[in-house]
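Summary of structural features
What follows is the residue order along each chain.
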Amino acid sequence: MEFALRLGSYSDARRVPNVVLGMVIFVACEVMFFGGLISAHTIARASTLGSMGVWPPPGQPRLPVGRTAINTAALLASGVCMWLASRALAKAPKKAQHYLEAALALGVAFVALQGVEWVRLIRQGLTLTSSTHGSFFYLIVGTHALHAVVALIALGWVYFRFRAGTLRTDVFNAMQVFWYFVVLLWPVIYLRVYL
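These lines cover the structure that appears in this document, whether it is placed above or below. Note that the structure is predicted; figures quoted are calculated from it, not measured. (Residues numbered from 1 in each chain as written. Predicted model: local features only at pLDDT ≥ 70, side-chain atom pairs only at ≥ 80, totals over all residues. Heavy atoms only, no water.)

To continue, consider the overall build of the protein chain. Assigned secondary structure in the protein chain consists of five helices and two strands. If you line up the protein chain on its principal axes, its C-alpha atoms span 60 × 30 × 20 Å. Looking at the protein chain as a whole, 41% of its 195 residues qualify as buried. Considering only residue pairs separated by 6 or more positions, the protein chain has 80% of its internal contacts joining residues 24 or more positions apart. With the model as given, the accessible surface of the protein chain reaches about 10,000 Å², and the carbon-plus-sulfur share is 69%. (Helix = DSSP H or I, 4+ residues; strand = E, 2+ residues; numbered from the N terminus. Buried < 20%, exposed > 50% of the residue type's maximum accessible area, 1.4 Å probe, protein only. Contact = heavy atoms within 4.5 Å. Areas by Shrake-Rupley, 256 points an atom, 1.4 Å probe, with all protein chains shown as cover.)

So this is what it looks like as structure tokens:
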């Protein structure tokens, strides 16, 4: 099995490849989208705290802060593995493969653990229609989960292209931008929604 990357010419090294630029623009739009969601959540939470003095509203379960901290650590470790893979890509392809596998496995673990958390919360009565708290929780966390699943599919595709020796560096770099977005957005969501 041969590991190879198709590298661009030297003249291409000074410009941002179109696929990376496109991903950066997409991520910038998504940052604004999530900024709007988190701002709306903050306003709703402040309004509830002002009138009732408690968040989450009475009768709604508390979010599992401790378990989600473990999920957060797994996702952050996945981002570190992605960074290590990018550093090893040209010099140590076998190492890069292992880092990509670890990033993928940790990302899948994050999504799976979030799914388990959702099932528990639904059983405890937190649903989209149970309260503003539930609505914002599932909207924000669910939208992030959708992004994480799409990013995992893209990461899996990049991994198999890498193993086949047909991965272009610009495609890898674009995927990296998207994965870092998913990874770095989560601690913000965790701090704003869970705490």
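To continue, consider the environment of Ala 148. Following the sequence through the fold, Ala 148 ends up in helix α4 (residues 132-164). Counting along the chain gives 71 residues from Ala 148 to Ala 77, while the straight-line C-alpha distance between them is 14 Å. Setting aside anything within four residues of it in sequence, one finds Ala 148 in contact with Val 111, Trp 179 and Val 182.

The subject of this paragraph is the side chain of Gln 114. Within the secondary structure, Gln 114 sits in helix α3 (residues 93-123). Ignoring anything within four residues of it in the chain, the contact list for Gln 114 reads Thr 68, Asn 71, Val 141, Trp 186 and Tyr 194.

Together, Val 16, Leu 21 and Ile 25 make up a nonpolar patch on the protein surface, roughly 260 Å² of accessible area in all. Within the secondary structure, Ile 25 is located in helix α1 (residues 18-52). (Patch = residues over 30% accessible without salt bridge, like charges linked within 9 Å, V, L, I, M, F, W, Y side chains within 5 Å. Salt bridge = Lys/Arg side-chain N within 4 Å of Asp/Glu carboxyl O.)

On to the packing of aromatic side chains, then. Evaluation of the coordinates by the stated rule reveals twelve aromatic pairs. Ring geometry for Trp 118 versus Tyr 138: centroids 5.0 Å apart, planes at 85°, classification edge-to-face. In this pair, Trp 118 is assigned in helix α3 and Tyr 138 in helix α4, connecting sequence segments 20 residues apart. Taking relative accessible area as the criterion, Trp 118 reaches 22% and is therefore assigned partly exposed. On the basis of relative accessible area, Tyr 138 is assigned to the buried category, the value being 9%. Between Phe 137 and Tyr 194, the ring centres sit 5.7 Å apart and the planes meet at 75°, which makes this aromatic pair edge-to-face. Within this pair, whereas Phe 137 is found in helix α4, its partner Tyr 194 is found in helix α5 (residues 169-194), the two being separated by 57 residues in sequence. Of the residues examined, Phe 137 reaches a relative accessible area of 1% and is grouped as buried. Ring pairs connect the aromatic residues Phe 110, Trp 118, Phe 137, Tyr 138, Trp 186, Tyr 190 and Tyr 194, which therefore count as one cluster. (Phe/Tyr/Trp six-rings, centres within 6.5 Å; stacked < 30°, edge-to-face > 60°.)

With that out of the way, let us pick up the packing of α4 against α5. Close contact between α4 and α5 brings their axes to 10 Å; oriented N to C, the two are set at 155°. With respect to their mutual orientation, α4 and α5 come out roughly antiparallel. For the element pair α4 and α5, the recorded crossing hand is left-handed. (Axes fitted to C-alpha atoms, helices over the stretch in contact; angles between N-to-C directions. Parallel < 35°, antiparallel > 145°, perpendicular 65-115°, else oblique. Left-handed = near helix turned anticlockwise from the far one by under 90°.)

Attention now moves to the nonpolar core. Counting 46 residues, the largest nonpolar core has Phe 137, Trp 179 and Ile 189 as its most contacted members. Contributions of two or more residues to this core are made by α1, α2 (65-88), α3, α4 and α5. Here this core gets 14 residues from one element, more than from any other, and that element is α5. In this view, Phe 137 contacts Leu 63, Glu 117, Trp 118, Leu 121, Leu 126, Gly 142, Val 193 and Tyr 194; residues no more than four positions away in its chain are not counted. (Core = buried A, V, L, I, M, F, W, Y, C linked by side-chain atoms within 4.5 Å.)

Along the chain, Ala 88 falls in helix α2. In sequence terms Ala 88 and His 98 are ten residues apart; their C-alpha atoms lie 10.0 Å from each other. Setting aside anything within four residues of it in sequence, one finds Ala 88 in contact with Pro 93, Lys 95, Ala 96 and Tyr 99.

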